[in-house]
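# Breakdown of the fold
Okay, here's what each chain looks like letter by letter:
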Amino acid sequence: MPHKFDAAWASILEDEERKEFLPPVEILKRLGVREGITFADIGCGTGYFTIPAAELVGRGRVFAIDVQAEMLELLKKKIKDRENITIVKSSEDTIPLPSESVDITFMGDVLHELEGEGTLREAYRILRRGGVLGVVDWKKEKMEIGPPFEDRLSIEEAKAKIKGVGFSVTESFEIPPYHYCLIAKKDEP
Ligand SMILES: C[S@@+](CC[C@H](N)C(=O)[O-])C[C@H]1O[C@@H](n2cnc3c(N)ncnc32)[C@H](O)[C@@H]1O
């Protein structure tokens, strides 16, 4: 079973160096995050992608979703009274949001932590038809930073997981030096 990120290490998610190798605004814009949309940040952690997304969607909405209450508590302290972020406590198999209610779903360094297909199935269910799933994760290579090698997924393994719940993968590219990104769609009826 893959390891969940340990909330005791939350501060490393905010490391300045991380912004250089994983620039959140650039990645979110490439996924199409823009004014007015509804964005679901699944496995939001302390809000590394949530807060920039909230700035980009403006009068839209960001759902900040995580299975760990400790991470959501840390995020709550950071967002203070920002009105366009809704915090959502999920479980491995349930995201308590209506079906087809979001325009873009996203997982930043989360796919390799999922247990089974439940969360991906929920990501598919809550996304509107024609909507986009963005996945950023660590390359399956031995590195001095990041999750254990055994937990990591190759791009091909990640694509297979995403396709397995019904998404069509439309794009994949590297975010050098450590990450890759997959963009997938929930097809129109
Ligand atoms: C490595 S952290 C990344 C956090 C954030 N996305 C970022 O990039 O800073 C992974 C997060 O995913 C959460 N997570 C793991 N499995 C999850 C699941 N099945 N559903 C929702 N969140 C999950 C963990 O609790 C943790 O907060």
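What comes next concerns the included structure. (Residues numbered from 1 in each chain as written. Predicted model: local features only at pLDDT ≥ 70, side-chain atom pairs only at ≥ 80, totals over all residues. Heavy atoms only, no water.)

### Focus on the pairing of strand 5 (residues 127–138)
Short version of the rule: Burial classes: relative accessible area under 20% of the type maximum marks a residue as buried, over 50% as exposed, and values in between as partly exposed (1.4 Å probe, protein chains only). Secondary structure is summarised from DSSP: a helix means a run of H or I of at least four residues, a strand means a run of E of at least two, and numbering begins at the N terminus for each. By the criterion used throughout, a crossover qualifies as right-handed when its path from the first strand across the helix to the second strand runs clockwise, the strands pointing away from the viewer. Two strands are counted as paired when DSSP detects at least two bridges linking them.
Across the twelve residues of strand 5, ten count as buried, placing the element largely inside the fold. The β-α-β motif built from strand 4 (residues 102–108), the intervening helix 5 (residues 118–126) and the parallel element strand 5 has right-handed crossover chirality. In this sheet, strand 7 (residues 179–185) lies alongside strand 5 in antiparallel orientation, the contact comprising seven bridges. When the bridges of strand 7 are listed, Leu133 appears paired with Ala184.

### Structural notes on the nonpolar core
We apply this condition: We define the nonpolar core as a collection of buried residues of types Ala, Val, Leu, Ile, Met, Phe, Trp, Tyr and Cys that are connected through side-chain atoms lying within 4.5 Å of one another. Contacts between residues were defined by any pair of non-hydrogen atoms, one from each residue, lying within 4.5 Å.
Membership of the largest hydrophobic core comes to 31 residues, with the highest contact counts inside it found for Leu22, Val33 and Phe39. For this core, the secondary structure elements donating two or more residues are helix 2 (24–31), helix 3 (50–57), strand 2 (61–66), helix 4 (69–79), strand 4, strand 5, strand 6 (168–175) and strand 7. Looking at this core element by element, the count peaks at five residues for helix 3. If sequence neighbours within four positions are ignored, Leu22 has contacts with Ile27, Tyr48, Phe49, Asp109, Val136, Ile175 and His179. In this structure, Phe63, Leu133, Val135 and Val165 belong to the second largest nonpolar core, which totals 27 residues.

### Some words on the pairing of strand 4
For strand 4, a buried count of seven out of seven residues is recorded, marking the element as mostly surrounded by other parts of the structure. Bridging between strand 1 (residues 38–42) and strand 4 involves three bridges; their strand directions are parallel. Note on strand 4: the bridge partner recorded for Phe39 is Ile104. Across six bridges, the pairing between strand 4 and strand 5 is parallel. Among the inter-strand pairings, Ile104 is bridged to a residue of strand 5, identified as Val132.

### Things to note about the environment of Ile175
The topology assignment puts Ile175 in strand 6. Spatially, the C-alpha atom of Ile175 lies 32 Å from that of Pro98, the residues being 77 residues apart in sequence. Beyond its immediate sequence surroundings of up to four residues, Ile175 is in contact with Phe21, Leu22, Ile27, Val136, Tyr180 and Cys181.

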